[in-house]
Amino acid sequence: GNSVTQMEGPVTLSEEAFLTINCTYTATGYPSLFWYVQYPGEGLQLLLKATKADDKGSNKGFEATYRKETTSFHLEKGSVQVSDSAVYFCATPTDTGGFKTIFGAGTRLFVKA
Amino acid sequence: DAGVTQSPTHLIKTRGQHVTLRCSPISGHKSVSWYQQVLGQGPQFIFQYYEKEERGRGNFPDRFSARQFPNYSSELNVNALLLGDSALYLCASSLLQGANSPLHFGNGTRLTVT
């Protein structure tokens, strides 16, 4: 089945720094790709998604482009804020038409003021 | 509209006991999934229900069971609890049954087994 691998954390940045969190996928076909964010003490929230190759998902200043050439879906933000401190998960369906979403191990981001 | 609600928020049980976790999906969502999240890891799929039928099951022992009710709410049951069952249990609802449909998560139930 499909799978995702994301960079290990934690990632520590100063406020207004540029953020990249790497995610690569292995898949049959072109499944949807997702980034979810988990703030302390909460469940996961959908941050952005891309449903086909070359799509760019964006939300709250975050962006990720579905790149089939490099099988990647890296998360980027031009200027992080302290409030972006959270754990970020890359995710994809395990197979086309399936009911199961598989998540990466998560990357914890700390942003210092 | 209210989001996904889960109850209880925290629970402490002893080994061998049984636990029932509850979930109410977003209004209009007919699909409910359950995930287990161990500290420091990503969520692991346990079950998905759609229209009251089990549509998918993860690699969990038979001690784990679930059901979905006519109002689309759901229960997750775990029997004969083990220390390793300590985790955050997340419920997620989605509008469509396929995994290409984004998941909307509740805040989870933190289960501690002593």
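Our structure's up above, just so we're on the same page.
Here the structure is a predicted model, which means the values were calculated and not measured.

1. Some details on the overall build of chain B
On a plain count of helices and strands, chain B comes out with 0 helices and 11 strands. In sequence order, chain B lays out its α and β elements as β-β-β-β-β-β-β-β-β-β-β. Against the globule reference of 13 Å for 114 residues, chain B gives a C-alpha radius of gyration of 13 Å, in line with a compact fold. In chain B, of all internal contacts separated by at least 6 residues, the share reaching a separation of at least 24 is 52%. Entry remark: accessible area of chain B is about 5,300 Å², with carbon and sulfur atoms responsible for 49%.

2. Concerning the state of the cysteines
One pass over the structure, following the stated rule, counts 2 disulfides over all chains. Each sulfur in the disulfide pair Cys-23 of chain A and Cys-90 of chain A lies 1.9 Å from the other. Where Cys-23 of chain A bonds to Cys-90 of chain A through sulfur, the torsion about that S-S bond is close to -65 degrees, and the disulfide is left-handed. Linking Cys-23 of chain A in strand β4 (residues 23-26) with Cys-90 of chain A in strand β10 (residues 86-93), this pair joins segments that are 67 residues apart in sequence. With a sulfur-sulfur separation of 1.8 Å, Cys-23 of chain B is cross-linked through a disulfide to Cys-91 of chain B.

3. Points about unusual backbone geometry
In this chain, Gly-9 of chain A is followed by Pro-10 of chain A through a cis amide linkage whose omega measures 0 degrees. Note on placement: Pro-10 of chain A falls in the loop between β1 (3-6) and β2 (11-14). The step from Ser-7 of chain B to Pro-8 of chain B runs through a cis peptide bond, and the omega angle for that step is -10 degrees. Although it is not a glycine, Asp-54 of chain A adopts a positive phi angle of roughly 75 degrees. With respect to the helices and strands, Asp-54 of chain A occurs in the loop between β6 (44-50) and β7 (56-59). We note that Ala-80 of chain B has phi near 45 degrees; this positive angle belongs to a residue other than glycine. Here Ala-80 of chain B is to be found in the loop between β8 (74-78) and β9 (87-94).

4. Things to note about the pattern of salt bridges
Under the definition given, this model contains 10 salt bridges over all chains. Of the charged contacts in the structure, one is a salt bridge between Lys-77 of chain A and Asp-84 of chain A, with a shortest N-O distance of 2.8 Å. Where Glu-75 of chain B meets Arg-22 of chain B, a salt bridge forms, and the shortest distance between an N and an O atom there is 3.5 Å. One end of the pair, Glu-75 of chain B, is in strand β8; the other, Arg-22 of chain B, is in strand β3 (residues 19-24), and 53 residues separate them in sequence. Under the relative-accessibility criterion, Glu-75 of chain B is labelled buried at 10%. Linked through salt bridges whose partners overlap, the residues forming this network are Arg-22, Arg-67 and Glu-75 of chain B.

5. Some details on the interface of chain A and chain B
Listed as interface residues are 20 residues of chain A and, on the opposing side, 20 residues of chain B. Together, the buried faces of chain A and chain B total about 1,700 Å²; carbon and sulfur atoms form 57% of this surface. Its largest share of buried area at the contact with chain B, chain A owes to Leu-44, Phe-99 and Phe-103 of chain A, together 36% of the area lost on that side. Seen at the junction of chain A and chain B, the total is 0 salt bridges. At the surface where chain A touches chain B, the tally comes to 4 residue pairs in polar contact (both at pLDDT 80 or more). Secondary-structure elements contributing two or more residues to the side of chain A that touches chain B are β5 (33-38), β6, β10 and β11 (101-103) of chain A. Here the residues of the side of chain A that touches chain B sort into 10 nonpolar, 7 polar and 3 charged.

6. Re the side chain of Ser-94 of chain B
Residues and elements named next belong to chain B. Structurally, Ser-94 is set in strand β9. The class of Ser-94 is buried, set by a relative accessible area of 1%. Setting aside residues no more than four positions away along its own chain, Ser-94 makes contact with His-29, Lys-30, Ser-31, Ser-101, Pro-102 and Leu-103.

Calculation rules
Residues numbered from 1 in each chain as written. Chains lettered and ligands numbered in written order. Predicted model: local features only at pLDDT ≥ 70, side-chain atom pairs only at ≥ 80, totals over all residues. Heavy atoms only, no water. Helix = DSSP H or I, 4+ residues; strand = E, 2+ residues; numbered from the N terminus. Rg over C-alpha atoms; globule rule 2.2 N^0.38 Å. Contact = heavy atoms within 4.5 Å. Areas by Shrake-Rupley, 256 points an atom, 1.4 Å probe, with all protein chains shown as cover. Disulfide = S-S within 2.5 Å. Salt bridge = Lys/Arg side-chain N within 4 Å of Asp/Glu carboxyl O. Buried < 20%, exposed > 50% of the residue type's maximum accessible area, 1.4 Å probe, protein only. Buried area = accessible area lost by both parts, 1.4 Å probe. Polar contact = N/O pair within 3.5 Å; in protein donor to acceptor, adjacent residues only side chain to side chain. Nonpolar A, V, L, I, M, F, W, Y, C, P; charged D, E, K, R; others polar.

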